[in-house]
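What follows is the residue order along each chain.
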Amino acid sequence: MTMREKVAWISVVASLATFGWYFWSVWADYSVRMFDGDALFWRFVWCTVLAIAIMLPASLLAAWLGKQQFDPPADELEVRIEAFSNRIGLVLLEFALVGIVLLSKTITDIARADFQVDPVGATAIMLVNLVLFATAFAAVVREITIIIQYRRYA
Amino acid sequence: MPPPPPISNTIRRLRFDHGEMTQQQLADAIGMTRQTVAAIEQNKYSPSLEAAFRIAEVFGVEIGAVFQWKADHKPQA
């Protein structure tokens, strides 16, 4: 397995674990109709730090165990795989962002109905988290596409 | 999955003829990963012209001795 494929696996697992937990917690807050923007912000920061703290040592360990370079220069097949995967991720992100913009009216209505204390704040929190979710989802799909491509050529 | 490229190659035989050169040794010689060499050898990936020349150079043969175009191949519409 190439180092780039290992990094993709590590990235997918770490992202699903940390950001999966973060977005589950956002959903849990939404379910009880109680958002705390400050708490969510710091939760997100900690999840990001945790994801990096998992990915970096895991990648270094994988390189060490496999006696491989940590960040080797990509060859032409790897460049092609990454370009294709980036394209898939970008298209997905574009569609998701347009979808969020189209959903914004519905989100505002939900905030007005369910978060009457602070509908503006709730709207902002929901929109920001939807954008974060779209970004994380596109990134995970990109990494999964990298893995699929490597498996296809293996 | 896209169909394999209409190109065959003799890399496996050339490696055998060069003292059972491993895929890793060939990969190191042309600056690629072993996985990319394996994909080229199994005809799952068509290398760039530069990589094809590099492979031929390693074996000391003409590029036509490494890669062969399948003349009967009809391009898909």
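Since the model is a prediction, treat every value here as computed from it, not as a measurement.

A. Geometry of the overall build of chain A. Per the secondary structure count, chain A includes four helices and zero strands. Residue burial in chain A is summarised as follows: out of 154 residues, 34% are buried. In the structure as shown, chain A presents an accessible area of about 9200 Å², 74% of it carried by carbon and sulfur atoms.

B. Focus on the interface of chain B and chain A. Chain B puts 14 residues into the contact, and the matching count from chain A is ten residues. For the pairing of chain B and chain A, the buried interface totals around 1100 Å² over both sides, and the portion due to carbon and sulfur atoms is 54%. Viewed at the interface, chain A and chain B are joined by zero salt bridges. Our enumeration of links across chain B and chain A arrives at four residue pairs in polar contact (both at pLDDT 80 or more). The greatest single-element share of the side of chain B that touches chain A, amounting to three residues, is contributed by helix 3 (residues 34-41) of chain B. Among the residues making up the side of chain B that touches chain A, the classes are represented as seven nonpolar, six polar and one charged.

C. Local environment of the environment of Q116 of chain A. Residues and elements named next belong to chain A. For Q116, the location among the structural elements is in the loop between helix 3 (76-114) and helix 4 (119-153). By relative accessible area, which is 64% here, Q116 ends up exposed. In this structure, the C-alpha to C-alpha distance between Q116 and R33, residues 83 residues apart in sequence, is 10.0 Å. At 3.4 Å, the side chain of Q116 and the backbone oxygen of A113 are in polar contact.

D. Fine view of helix 2 (residues 23-30) of chain B. Residue and element names in this part refer to chain B. Residues of helix 2 that are buried: Q23, L26, A27 and I30. Take helix 2 and look down its axis: the buried residues cluster within an arc of 100 degrees, on one side only. Packing partners of the buried residues in helix 2 comprise helix 1 (11-17), helix 3 and helix 4 (49-59).

Definitions and cut-offs
Residues numbered from 1 in each chain as written. Chains lettered and ligands numbered in written order. Predicted model: local features only at pLDDT ≥ 70, side-chain atom pairs only at ≥ 80, totals over all residues. Heavy atoms only, no water. Helix = DSSP H or I, 4+ residues; strand = E, 2+ residues; numbered from the N terminus. Buried < 20%, exposed > 50% of the residue type's maximum accessible area, 1.4 Å probe, protein only. Areas by Shrake-Rupley, 256 points an atom, 1.4 Å probe, with all protein chains shown as cover. Contact = heavy atoms within 4.5 Å. Buried area = accessible area lost by both parts, 1.4 Å probe. Salt bridge = Lys/Arg side-chain N within 4 Å of Asp/Glu carboxyl O. Polar contact = N/O pair within 3.5 Å; in protein donor to acceptor, adjacent residues only side chain to side chain. Nonpolar A, V, L, I, M, F, W, Y, C, P; charged D, E, K, R; others polar. Arc of directions from axis to C-beta.

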